[in-house]
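# Understanding the architecture of this molecule
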Amino acid sequence: MSSATTTANAVAATRRRHTRSLASQRRWALYGSYAALVVFVIMFLIPPFYTVMTSLKTSAEISAQSGNPWFAHNPTLSNFIELIEMPDFQYFFMNSVMITVVTVVVSMVISVMAAFSLARMGFWGSSTLATGVFLTYLVPASLLFIPLFQILGFLGLINNVWCLALVYPTLAVPFCTWIMIGYFSSIPKELDEAALIDGAGYVQMLLKIFIPVAMPGIIAATIFAFTVSWGAFLYPMAYLYSMDQMVLTVGIISDLVRGDVFQWGKIMAASVLAAAPPVIIYAFLMDYYIAGLTSGATKG
Amino acid sequence: MSQVSIRKVVKSYDGDVQAVKGIDLEIEDHEFVVLVGPSGCGKSTTLRMVAGLEEITDGEIWIGGDIVNDVPPRDRDIAMVFQNYALYPHMSVFDNMAFGLKLRKVPKPEIKQRVDEAARILDIGELLDRKPKALSGGQRQRVAMGRAIVRHPKVFLFDEPLSNLDAKLRVQMRTEIKKVHQTVNTTTVYVTHDQVEAMTLADRVVVMNQGVIEQVGPPQELYHNPGTRFVAGFIGSPAMNFLPCRVQNGAGGLTVRVGDSMVLPVPPARKERYASFKDREMILGLRPEHLYEYHDDSKPGVARVEAPADVVEPMGMETMVHFFVNGIPVCARVDPATHAVPGETLPLSADLNHMHLIEPETGRVV
């Protein structure tokens, strides 16, 4: 009896020790994770924080040497109001919105259809073509802008904001197609076969089965196309020079930096306004975005 | 009018690998036919050719009196149930079942009526608003069947529909499939690798092996009179025992000699049939249930055999005893009351009235 009790106690002690060591290991792992996360959060959030703070300051406060530069002591929206009233800024914003909407729509229509045919219709050379699509994505954008400049010049589209609606899809379509190929490939083959037997043609199959099922992937690709178009800097810089044709990214710095005069308050206010749409869209679609990327990654 | 005729159908990939090697099969109206065989025997390929999901390399497939070689799946008037259900994940159960009807522009009230009717048959009326994600495996399989039933097709095609279910549910769904067929009475082609499913469901079983049909017949016929060694070994669980033997003249007439020690008398009714195989190397096939605990009765054709038990598997209503004859594993099915102990010699009766004699060269049962 007593020996049995001793054994039971020993077992319980071992179990406790194991539990404790597991719990402490977990605790240390969590400390490590938090420390790393804090460093990253500080690194990534300080610039936007400083941007927002500066945008709320008057020019006098920005150039003042005294006081804590990290806070706006007399916060004002005057930078935003002046900016919104500037006709140039209105052009920039409208142009960016217009080009982005067109880019997203065109890229998604092309890449969804391309991905569906490459992933599912299995025609001769489809897998080579799929690899080819991905390879085009590997060509750096900075190498392409000179030949593209020639093409746009030939088309008479230099200094016309619509040239971007032609150029951006060439950057967005390959990657979006690649994401969508991965996503469509992860959909079981039986689903198309069931749809075929139920009486669907390829178009109905795409519209009624594939697009709804692949919605997370489509949202991920849409966000990518949006980011390509909204944040592009090099192409508008190279192809546009009139203020009324300009988009936000280049417009802000070319309009608000004159020689060595930097209108910091307005530049920061413009940056906040320019960053707002992607932040809002990301915030709403983040869950879908992550689901789309991971699923494409593991099953594609 | 919904017969299916498969005439000299060949399926080959890249011109040389033949998955189906020219098979012929006539399936009658309202019949339930099960294609069974090991993986890679061509059964699924055959079903998919009937469905129109695979092209036919050569031969003809007829459905309901029309040749359908070049008819796309949607115009063949068939419905198919897949192994992994293939339900549309973004649609409710109702929409899953109604999808095919909507595409065919069936009026809404009729769609509702047909879906409700199928839901009643399958007892899934409560689930119509749910998404497939919220269903269990068995419920999903019911919905997949419902999707087939609402279409009122000429032919149902089932591609291993129960393979993804656990053992208990599989037995239950098997009964349901049989019940559904008895209710709607549609011509059915069902593919499985499970011979128990084949036996329990089929009006006729088609045993396939390496792209050819080995034998076609009602389940009992295949069980009792297999045409080939393959069918004899494939149908029945545990599988039939096969022992190399020699047909010889012995003391009481024709005998089957297995190895040196075991000499079994050929039953009188078979003597004439087996006489021509005298002095030839043959294979003796005997099902486990024809090797049972020894009773001291002198029924003709029953011989006493003794062997030390190797493994004893009590299964409740019966007990399986495994032992070796000349190094070949043999299984006997004995009464659970029999006292069998591994290592101890057990007297058994071999009922040769149910024996099969197989030609080793051709695999033919003679």
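Along each chain, residues carry numbers from 1 onward, in the same order as the chain's sequence is written. Starting at A for chains and at 1 for ligands, labels are handed out in the order in which the entities are written. Given that this is a predicted model, residues contribute local features only at a pLDDT of at least 70 and side-chain atom pairs are listed and counted only at 80 or more, while totals for whole chains, interfaces and linings are drawn from all residues. To get the side-chain values, all heavy atoms of the structure are used, and hydrogens and water are removed first.

### Some points on the domain arrangement of chain A
All names here are of chain A. Under the convention used in this document: Domain start and stop positions are those given by an automatic or database domain assignment. Residue contacts are counted whenever heavy atoms from the two residues lie within 4.5 Å of one another. Each of two parts loses accessible area, computed with a 1.4 Å probe, when they are put together; buried area is these two losses added. Criterion for a salt bridge: a side-chain nitrogen of Lys or Arg within 4 Å of a carboxyl oxygen of Asp or Glu. Here a polar contact is taken to be a pair of N or O atoms separated by no more than 3.5 Å, where protein atoms must pair a possible hydrogen donor with a possible acceptor and residues adjacent in sequence count only if both atoms sit in side chains. Note on residue categories: nonpolar means Ala, Val, Leu, Ile, Met, Phe, Trp, Tyr, Cys or Pro, charged means Asp, Glu, Lys or Arg, and polar means any other residue, Gly included.
Assigned domains of chain A: these are domain 1 (3-55) and domain 2 (86-298). Contact with domain 1, which involves 4 residues of that partner, is made by 6 residues of domain 2. Summed over the three residues of domain 1 that lose the most area to domain 2, namely Thr 51, Thr 54 and Ser 55, the buried surface amounts to 89% of that side. Inspection of the region where domain 1 meets domain 2 yields 0 salt bridges. In this assembly, domain 1 and domain 2 are joined by 0 residue pairs in polar contact (both at pLDDT 80 or more). Class assignment of the residues belonging to the side of domain 1 that touches domain 2 gives a composition of 1 nonpolar, 3 polar and no charged.

### What to know about helix α7 (residues 162-185) of chain A
All names here are of chain A. Rule in force here: Working definition: helices are DSSP H or I runs of at least four residues, strands are E runs of at least two. Numbering for both runs from the N terminus. To estimate how far a helix should extend, the number of its residues minus one is multiplied by 1.5 Å. Think of it this way: the bend at a residue is just the angle between two axes, each fitted to seven residues, one set ending at that residue and the other starting at it. Classification of residues uses two cut-offs on accessible area relative to the type maximum, computed with a 1.4 Å probe and protein chains only: under 20% is buried, over 50% is exposed, and between them is partly exposed.
Compared with the 34 Å implied by 1.5 Å per residue over 24 residues, the 34 Å span of α7 between its first and last C-alpha is a close match. At Ala 172, α7 shows its maximal kink, close to 35°; a proline, Pro 174, follows between one and four residues later. Burial analysis of α7 places 19 of its 24 residues in the buried class, the great majority of the element.

### Structural notes on the sheet that holds strand β11 (residues 241-250) of chain B
All names here are of chain B. We apply this condition: Strand pairing requires that DSSP identify at least two bridges connecting the strands. Note on definitions: angles span 0 to 180 degrees between N-to-C directions of axes, and those axes are lines fitted to C-alpha atoms, for helices only across the stretch in contact.
Taken in spatial order, the 5 strands make up an open sheet running β13-β12-β11-β14-β20, and their pairing is antiparallel. Looking at the sheet topology across the chains shown, the edges are occupied by β13 (262-265) and β20 (356-358). Within the sheet, the average angular offset between the axes of one strand and its neighbour, ignoring direction, is 40°. Pairing of strand β12 (residues 253-258) with β13, which is carried by 4 bridges, proceeds in the antiparallel orientation. Its bridge partner being in β13, Val 258 is matched across the sheet by Met 262. Where helix α9 (residues 268-275) meets the sheet, it contacts β11, β12 and β20, and its direction lies at approximately 80° from that of β12.

### Some words on the sheet that holds strand β4 (residues 58-63) of chain B
Residues and elements named next belong to chain B. Pairing in this open sheet of 4 strands is antiparallel, and the strands run β2-β1-β4-β5 from one edge to the other. For this open sheet the edge positions go to β2 (17-27) and β5 (66-67), each flanked by a neighbour on one side alone. Note that strand β1 (residues 4-13) and β4 share 5 bridges and pair antiparallel. Looking at β4, one finds that Ser 5 is bridged to Trp 62.

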